[in-house]
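Structural features, examined
Take a look at the letters that make up each chain.
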Amino acid sequence: MNSTDLASGPCPLGRAAGILGDRWTLLIMRNATLGATRFEQFRTGLGIADNILSNRLGKLVDAGVLTKEPYEDGNRIRSHYRITQAGVALRPVLEALAAWGHTYANPAEPTIAVRIVHLACGRPTADGSYCDVCDTAITNEDAAWVMPWVSEEPIPLATAAATAAPDGS
């Protein structure tokens with residue numbers, strides 16, 4: 001079974017794997033979740049070849065996980081990529097993969113796990129969806145990740161781009 005078959009088959013896990021099932025795509029989504037929008041930001045942040053990045057970004061746009069929006073840069077028209085609601089909905093998946101990787105994928109040196117912080121109070125949360133301190137649910141707009149190997153400062157998460165409803169309204 002090829003990836004095209006997976007992406008359109010009856011199994012929802014297979015369909016998700018058909019869209020997200022390679023390392024570069026997951027890392028692109030991690031960076032998009034952290035606010036990367038421009039091709040150069042993705043390329044520099046990931047050390048990925050241009051052709052691979054272009055291919056993966058195109059697939060994510062086609063799948064509705066990112067949206068591609070033009071902007072003017074001097075005399076050139078360029079594009080930036082914004083995370084959609086479907087992309088924002090991947091947050092728990094990315095957080096679960098990060099937790100799994102921290103527990104089961106042994107690094108060369110000991111590391112500290114990604115922490116999910118509630119921006120309103122600055123406190124870490126147990127599961128990223130609820131703040132025990134504030135007794136409130138946490139939305140993407142209220143959350144940040146602390147990635148200790150990058151910085152101890154919380155990195156606010158990107159919000160979904162405004163997109164038209166599937167019916168065009």
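Up top you'll find the structure we're talking about.
Residues numbered from 1 in each chain as written. Predicted model: local features only at pLDDT ≥ 70, side-chain atom pairs only at ≥ 80, totals over all residues. Heavy atoms only, no water.

**Digging into the pattern of salt bridges**
In this structure the tally under the stated criterion is 6 salt bridges. In this structure, the salt-bridge partner of R43 is E40, at a minimum N-O distance of 1.9 Å. Of this pair, R43 and E40 both sit in helix α4 (residues 39–46), 3 residues apart, roughly one helical turn. R43 sits in the partly exposed class, given a relative accessible area of 27%. A salt bridge links E152 to R115; the shortest N-O distance between them is 2.8 Å. Pair noted here: E152 is in the loop between β7 (143–146) and β8 (155–156) and R115 is in strand β3 (residues 115–118), with a separation of 37 residues, a long-range link. Given the relative accessible area of 27%, R115 is considered partly exposed. (Salt bridge = Lys/Arg side-chain N within 4 Å of Asp/Glu carboxyl O. Helix = DSSP H or I, 4+ residues; strand = E, 2+ residues; numbered from the N terminus. Buried < 20%, exposed > 50% of the residue type's maximum accessible area, 1.4 Å probe, protein only.)

**With respect to the environment of L157**
Structurally, the position occupied by L157 is in the segment after β8. Separated by 40 residues in sequence, L157 and V117 place their C-alpha atoms 10 Å apart. Filtering out sequence-adjacent residues up to four positions away, L157 remains in contact with T33, L34, R91, N140, A143, A144 and W145. (Contact = heavy atoms within 4.5 Å.)

**Notes on the packing of aromatic side chains**
All chains considered together, the criterion is met by 1 aromatic pair. Judged by centre distance (5.6 Å) and plane angle (40°), the rings of W100 and Y104 are tilted. Pair noted here: W100 and Y104 are both in helix α7 (residues 91–104), with a separation of 4 residues, about one helical turn. Residue W100 shares its accessibility class with Y104, and that shared class is exposed. (Phe/Tyr/Trp six-rings, centres within 6.5 Å; stacked < 30°, edge-to-face > 60°.)

**Overview of the pairing of strand β1 (residues 66–73)**
Looking along a regular strand, one sees the side chains alternate between the two faces of the sheet. Where β1 meets strand β2 (residues 76–83), 8 bridges bridge the pair, whose relative direction is antiparallel. Along β2, the bridge assignment pairs Y71 with R78. Linking β1 to β2, which pair antiparallel, is a turn of 2 residues; within it G74 sits at a positive phi near 70°. (Pairing = 2+ DSSP bridges.)

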